[in-house]
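# Topology and contacts: notes
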Protein chains: 4
Amino acid sequence: MMADVAILGASGYTGAELVRLIATHPGMRVAALAADRRAGAAMAKVFPHLAHLDLPTLCRIEDIDFSKIDMAFCALPHATTQEVVSVLPRDLKIVDLSADFRLNDPAAYAQWYGRPHGALELQAEAVYGLTEFYREALRSARLIAGTGCNAASGMFPVLPLLAERLIDPDEIVMTLGAGVSGAGRAAKEAMLHAEVSEGFSAYSVSGHRHMAEFSQEFSKVAGRPVEVSFMPHLAPMNRGILTTIHVRGDAPALHAALAARYADEPFVHVTPFGTAPHTRHVRGSNFAHVGVVADRRPGRSYLFCALDNLVKGSSGQAVQNANLALGLPETEGLMAAPLFP
Amino acid sequence: MMADVAILGASGYTGAELVRLIATHPGMRVAALAADRRAGAAMAKVFPHLAHLDLPTLCRIEDIDFSKIDMAFCALPHATTQEVVSVLPRDLKIVDLSADFRLNDPAAYAQWYGRPHGALELQAEAVYGLTEFYREALRSARLIAGTGCNAASGMFPVLPLLAERLIDPDEIVMTLGAGVSGAGRAAKEAMLHAEVSEGFSAYSVSGHRHMAEFSQEFSKVAGRPVEVSFMPHLAPMNRGILTTIHVRGDAPALHAALAARYADEPFVHVTPFGTAPHTRHVRGSNFAHVGVVADRRPGRSYLFCALDNLVKGSSGQAVQNANLALGLPETEGLMAAPLFP
Amino acid sequence: MMADVAILGASGYTGAELVRLIATHPGMRVAALAADRRAGAAMAKVFPHLAHLDLPTLCRIEDIDFSKIDMAFCALPHATTQEVVSVLPRDLKIVDLSADFRLNDPAAYAQWYGRPHGALELQAEAVYGLTEFYREALRSARLIAGTGCNAASGMFPVLPLLAERLIDPDEIVMTLGAGVSGAGRAAKEAMLHAEVSEGFSAYSVSGHRHMAEFSQEFSKVAGRPVEVSFMPHLAPMNRGILTTIHVRGDAPALHAALAARYADEPFVHVTPFGTAPHTRHVRGSNFAHVGVVADRRPGRSYLFCALDNLVKGSSGQAVQNANLALGLPETEGLMAAPLFP
Amino acid sequence: MMADVAILGASGYTGAELVRLIATHPGMRVAALAADRRAGAAMAKVFPHLAHLDLPTLCRIEDIDFSKIDMAFCALPHATTQEVVSVLPRDLKIVDLSADFRLNDPAAYAQWYGRPHGALELQAEAVYGLTEFYREALRSARLIAGTGCNAASGMFPVLPLLAERLIDPDEIVMTLGAGVSGAGRAAKEAMLHAEVSEGFSAYSVSGHRHMAEFSQEFSKVAGRPVEVSFMPHLAPMNRGILTTIHVRGDAPALHAALAARYADEPFVHVTPFGTAPHTRHVRGSNFAHVGVVADRRPGRSYLFCALDNLVKGSSGQAVQNANLALGLPETEGLMAAPLFP
C-alpha cells in the first residue's frame, strides 16, 4: 500500500518538514500540496532544498480532490485550522499540527486562545497526539491533534512520574531553551537573525499557551488538578528544545521509573543516570532524549528532555501518528539518525 | 593621576577584555602585560583586535617591576592564582578575577575546589567584589576577589529580596543560559564551534562551583543558612548570561523593592514590571538588567538578570572595583553603551 | 562646545548605532530623535540596550526645531531621504547615511536606483564621505554623503593602488562576506534567523548597487573608466564585512604602498604582509584592517579589507565626518577598541 | 546481500557521519568501529546522537578481523592513513576519506604535504573518488581516494566547462565559504565557538592543499597545465561549502552546458539560470547544487557550487563510491532530503 497524502499549509517550516520526511517514506506519497498565498508556485521555488523531488505544484485547498487522499496533514495557523477542517470530508483522516484540537475543555481553549472554539464537535472527536501515551486510540483515530512542541518535551519526563506518584504535583518548576523554527516562517522583527543570534531571552513571560496542555494532561494522569510553573526561553539556534524541570522526588527512583517506562519505546531514549541530554544529539531526528540528575538538595531532582521541535515536536510526531492511523509500521520513515554536528 | 596597571594572564579572554576597557580609560594605563606561555610575543599577535594600541610586549610575571605598578589585575587560572599572589608585594593593590579568594570559609573552598586553600592569610584579607554590596569595603581594600560571573547574575535580583525577607529562602530555583566565553580560551573539544552552535545543553549538572558563592552571600544576608537549586546551561553565543529564578514572593512587591534598591546604581537597571531582560541588550557593556514577572500561580514569581559575563561578570566589574580602590570615579571608563545587534 | 545633534531615522540599526557612539562622545549631545512610525515611543522601548541613557522621546521629523540643531544625521531609507533633505533648512549641516547623494552622475543614479534623482541641486553640493580620501572637502562640507558599507570595504585597499598605477584596472575581481545588519531591521523572510544561520549564500547576484560607487571612485582616481567584477555573500553573523579582491600586481609592492598610504591614518590598519584580516578583529569599532597576500600565481595578489558595516561602514564613519564638519578632533568618540570575542 | 563494513577513525566527524548514513542503509551494516585513542569506549559515549543504534564498541584497528569485512572506510588523519592502508589485506576494498591517495604525481604530493609519499604502489592503484567523473573506474576499484571537500565543490562546475573548452583555463578565480566541520573534531583554539562565530575570515592564505587536486584534474581534462587562483574562507557555520568562481565565458552557454551535463545525475542539481545556490539548501544531504550567473561585464560569468562538506564532500561521497564498488545501486542510502532550516 502506498498512501496518498495531502499537506495543507506546505509553505511553512512544518509543511516542508513533512515533505522532507515523506520524501523517503516507503508507505506514503505526496499527492497534493496546498498553500493559499503561494498557490501556483513550484515547491522548489518556495523551498529550494526540496528541488530534487518530483512534487505537485502548490495549489489552493479547494483545488484538492480529497476523494483521492488517504490522509491530510494540516500545517495551518491556529484558528484558521478549525475553519478549514470543518469543511473537509468527515471521513477524511486528518493529522493536525496546529493547536486547534488539543484542548478538550472549551473553556480552557477560550481562555488561552482568546476566542470561543468554532468546531466543538470536531474537538470532541480529536485524539491527543502524544503517541507514546495514546497509541491505541491513535490507531483508530480519524482526527489527530498534534501536541505543542514544548508540551511534548515537558510531558515525556513528567507524565510517567506523575502517574506513579513519584513526584510532588504542586512543585514542578519547568524551564526550557528552544530554537527559532517553532515561531514559523512569518517575517517578524523579533525573529530576525540580528535580533536572535548571540543572545538568550525569555518569551511569552506572562504565560505560554502550552501550559494549557500541561494542565490538561498532567491533571488527567495525576487524578487531580495540576498546575506547573513554566518559563520558556529563546536560544539562538534553529531547531531543538531542551526542557529542564525541577521536581521533588528521589533522583535514582525517578531515573529507574523512566528507564523502565521507555525501555521498549523506539523513539524515547533515557540517558545514563546523572547525565543531561543535548538538543544537538537529536537534531533533525524523531528521537527524544530524557535524563535525570540529582539536585544537591536531598529530595529534589532535575528532569530533562531534548527533542527537535520540527520532528518529534511536530512533523515527525505527525508522521508517527499517521503511520498508526494508516496501519503502517509506527517507525516507518522515521529512523534517520540525528544530524551532528 | 594616571594609574599604571599590570595585567597578569593577558592571553585569555578576561585579560584581553581588561585591555579593551582600559584602552579608553582616562585614569589607567597598561604598564605591563604578563602571559607566561606567550612571553615575548606582541599582544597584537595574540589578540589582533588590539593591534591599534601601543601596548607592552607580553612578559613573564617575574619580569615585572611591581614598584612601578599601582594596581595589578590577576586574570589567571584558579589555584595558580593563590601561588602567584602569595609572592607579590604585600602592599600591591590587586583585583583578582579568579575564584581563589571568593570563599571566606576554608572548608567550603576545599569542598568545592577539591584541595586545601594555599594562602589562607590572603583569603582573610580579601574583599568580595560585588561592588553594589561591598562598595565601602572595596574603597579601602588591598586584595579584591572578583565574583563568579554566574554568581553576580544570580545575586543582583536575589540579595535585596532576601535582605528584606520578601522571598522564601528555601524555595529558590535558579537556572541560567550562558555564552561560551566564560569557559575561557583553552582549546577544548566541548567548546568547539561544531559542538556548541545550533544546540542548547546543561553543564556542570552535578553542581556548579558558583553555588558556593550563593550559599555564602545568601546566608550572610538572610542571617541563616540558605541553599539554592541551580542549573546552568550553555547557549550557542559568545557573551552573556541570563539567569531565571523561580521564587516564592509577591511579584509587584519584589519589583518595587528591586526598583528602589537599584534606583541610584549606575550599572544596574530594573526593567518595567512584567518584562524580562535580554542578554543582547547588555552585550559588551558593564550594565546588568534585572526584571520581575509574576508566575501564573499566585505567590510565585520569576526574577531575571542579564549581564555580559566578560564585563559586568568579570573584567568590567574588576575595573569598577579598581576605580574604587584607586580613588577614581566609580564609573570611569565603563559607560560605553551595549553593542546591539 | 557641545554640538546638539538630531538623528532622523532613529528606529533602525544605523540610527541606534549613532546613539550608541554619541552616548559617550564628549562633543555631541543627542537633542532630537525622529522615527515617524514610532513617534511618541521611548527609545528604550524600541532599543532596550539604550535604556540607561537619558534620551529624547521619538518624534516626527516635522516636530524638530532645527534652529537648535547643529548637525542632523539622516539614517532614512533610500529615496525618501532626498525628499526629507529637500525640505530641511539649507544651512543645516547634514551627514546622510543613505545612498541618495553618493552618485555624482544623475544617469548612474537613475540606472542603479530605477528612478530619476529628485534633488539634483543637493546632489551637486554633496561631498562623498570616504573620510580618508575626502578629508579636506569634508571639513567645509554642508551635506555629506556616507559611503556604502561594502563600497568602503572595497575602496580602502584598491584606491591607493589604482592611484599609484600598481594594479591592472581591468582585472579586479572582488567578493565579500557580510553580516545581516546591513540589511536593516525591516522584517523580511530572507533575514530570519532560521533562513540565515548555518548557511552561506551570494546575494544581489545580478549586480549590487555599491558597484556604482566603485565605478565612480575607481574611475576618478584611475583617470579612465574602471569596472570591477563584484559578488557579495551573506555570512551568518550580525556585523562585519570581509572583502577579498583578486588583482594583477606584485604583492610586496602592493603591501608596501598600502602600508605607506595608511601609516598615519588613525582608523586604517595594515596587517603584516602575508596575513588576512578577520571581521571579528574590528567588531563594534571604527577600525578597518587591510591586508595583502601573494597569489601562488606570479603577478597576482589578494587584497583584503575587514570592517564593521555599522561602524566604519556607516554610523562610525558618519560621526568621523561629523567631527570634521563640526571642527572637532576627527577621532573624538571613536577610539573604543573592538569587541572580541 | 548485506555488506559488512569497518570504519577506521570512527571518533571523528567523518567517521560519525559514515555511521549516520549507514544506519539506515539497506545494503550495509557496521561490523567494526576503530578509533585507537578511544578504543574500548561505546560509540554512544563518543557520539551521543548515535545512542539509539546497536553498534560495536570502539576497538583498535589491529583488533579487527578483516576477513569478515567487505569494505573498509578509512577516516583517518592524512599521512597516518598510508601507513595503516599499507598493512591492510591487499584484497580488501577500501574507500579512503583522507588526502593520502588523491595525487597521482609523487612530486606534487611531496610539495603540498611536505614529505615523500610512503606507499607509492598503493597510490598507483587508487581511483580518484569524484563519482560523476570516474564512475566506471570506481565500479571495479579496490582502493578509492575520496576527494577534498573543497575540491569537489570547485570541480562540479568547472570540469565540464574546461572539457568543452567553454572557459579560459588561465582565468579561473575561485573563492569559497566553508563551515568548521571540515577542520575536524581536534581541539584547536582557532576552531573554538568564541573564535569562529560572528565572524568571517580567509584561511590557508598562502595556498590550500586542495589546489593540488584542482591542478591535477583540471589539467587532465583541459589537456594542458591549468592553475587556478583559490582563496578559501571560514564561515561561522558547521556544515556547508559555497564555491564562487569568476570565469571568462558566456553565461547562458555555460549554464546550458552544465544543465546538459548533469541532467541525469541523481545528486547534482543545476539551479535556474541567473540564480546562485545556498549551502542551507543541501545541508545534511548528498546533493550538490550548481548555478551560473552572468557578470555585468560581458564575456565573464560566475559559477557556483554548494554542497555539504561532510556528506557530498566526504562521507556521502564515500558511501556513493562504496555502493558502486560493492555492486549496489549508486543512490542506496543517500536519498534523504536536506535538513532545512
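Residues numbered from 1 in each chain as written. Chains lettered and ligands numbered in written order. Predicted model: local features only at pLDDT ≥ 70, side-chain atom pairs only at ≥ 80, totals over all residues. Heavy atoms only, no water.

## Thoughts on the relation of the copies chain B and chain A
Note the cut-off: Least squares is the method used to superpose the copies, on C-alpha atoms of residues holding a pLDDT of at least 70 in both. Should any heavy atoms of two residues lie within 4.5 Å, those residues are counted as being in contact.
Its rotation angle being 180 degrees, the transformation that places chain B on chain A also includes 0.0 Å of axial translation and leaves an RMSD of 0.0 Å. Both copies are brought into coincidence by an operation consistent with a two-fold rotation axis. A share of 100% of interface residues in chain B that are also interface residues in chain A marks the association as one of identical surfaces.

## Some points on the relation of the copies chain C and chain B
Take chain C, turn it by 180 degrees, move it 0.0 Å along the axis, and it overlays chain B with an RMSD of 0.0 Å. The residues that chain C uses at the interface reappear at the interface of chain B in 100% of cases, marking a shared surface.

## Some remarks on the interface of chain C and chain B
Going by this rule: Accessible area, probed at 1.4 Å, shrinks when two parts are joined; the buried area is that loss added up over both. Here, a salt bridge means any Lys or Arg side-chain nitrogen found within 4 Å of an Asp or Glu carboxyl oxygen. Think of a polar contact as two N or O atoms within 3.5 Å of one another; within protein, one of them needs to be a possible hydrogen donor and the other a possible acceptor, and neighboring residues in sequence only count if both atoms come from side chains. Put simply, DSSP marks the helices as runs of H or I at least four residues long and the strands as runs of E at least two long, and each gets a number from the N terminus on. Ten residue types, Ala, Val, Leu, Ile, Met, Phe, Trp, Tyr, Cys and Pro, are classed as nonpolar, four, Asp, Glu, Lys and Arg, as charged, and the remainder, Gly among them, as polar.
Taken together, the contact between chain C and chain B spans 31 residues of the former and 31 residues of the latter. Both sides of the chain C and chain B interface together cover about 2600 Å² of buried area, and 70% of this is carbon and sulfur. For the pair chain C and chain B, the number of links is 0 salt bridges. Connecting chain C to chain B are 2 residue pairs in polar contact (both at pLDDT 80 or more). With 3 residues, helix H1 (residues 13-23) of chain C is the largest single contributor of residues to the side of chain C that touches chain B. Here the side of chain C that touches chain B is built from residues that sort into 14 nonpolar, 11 polar and 6 charged.

## Let's talk about the confidence of the model for chain A
Put simply, the rule is: A score between 0 and 100, pLDDT records how confident the predictor is in each residue.
Mean pLDDT over chain A works out to 97, with 100% of the residues at or above the 70 mark. Taken over the whole predicted complex, pTM reads 0.98, whereas the ipTM for its chain interfaces reads 0.97.

## Observations regarding the packing of helix H7 (residues 149-163) of chain A against helix H9 (residues 210-222) of chain A
Residues and elements named next belong to chain A. Condition: Here an axis means a line fitted to C-alpha atoms, over the contact stretch when the element is a helix, while the angle between two N-to-C directions is reported on a 0 to 180 degree scale. Comment on the angle field: the value is read as roughly parallel under 35 degrees, roughly antiparallel over 145, roughly perpendicular from 65 to 115, and oblique elsewhere. A crossing counts as left-handed when the near helix is turned anticlockwise from the far one by less than a right angle, and as right-handed when that turn is clockwise.
Close contact between H7 and H9 brings their axes to 10 Å; oriented N to C, the two are set at 20 degrees. Relative to H9, the element H7 is oriented roughly parallel. Handedness of the H7/H9 crossing: right-handed. Contacts between H7 and H9 involve Cys-149, Asn-150, Ala-151, Gly-154, Met-155, Val-158, Leu-159, Leu-162 and Ala-163 from the first element and His-210, Glu-213, Phe-214, Glu-217, Phe-218 and Val-221 from the second. Of the residues assigned to the contact of H7 with H9, the class counts are 10 nonpolar, 3 polar and 2 charged.

## Thoughts on the pattern of salt bridges
With the rule as written, the count across this model stands at 76 salt bridges over all chains. The partner of Asp-170 of chain C in a salt bridge is Arg-224 of chain C, and the shortest N-O contact between them spans 2.6 Å. Taken as a pair, Asp-170 of chain C in the loop between helix H7 (149-163) and strand S8 (173-178) and Arg-224 of chain C in the loop between helix H9 (210-222) and strand S10 (229-234) lie far apart in primary sequence, 54 residues in all. Among the ionic pairs, Glu-171 of chain D bridges to Arg-300 of chain C, the shortest N-O distance being 3.3 Å.

## Digging into the sheet that holds strand S1 (residues 3-8) of chain C
All names here are of chain C. Condition: Each pair of strands is called paired provided DSSP finds at least two bridges between the two strands.
Strand order in the open sheet formed by 7 strands is S3-S2-S1-S4-S5-S7-S6, with parallel pairing between adjacent strands. At either end of the open sheet lies a strand with only one pairing partner, and these are strand S3 (58-59) and strand S6 (127-128). Across the sheet, helix H11 (residues 311-326) lies against S1, strand S2 (28-34), strand S4 (71-74), strand S5 (94-96) and strand S7 (143-145), angled at about 160 degrees from S4, the strand it touches most.

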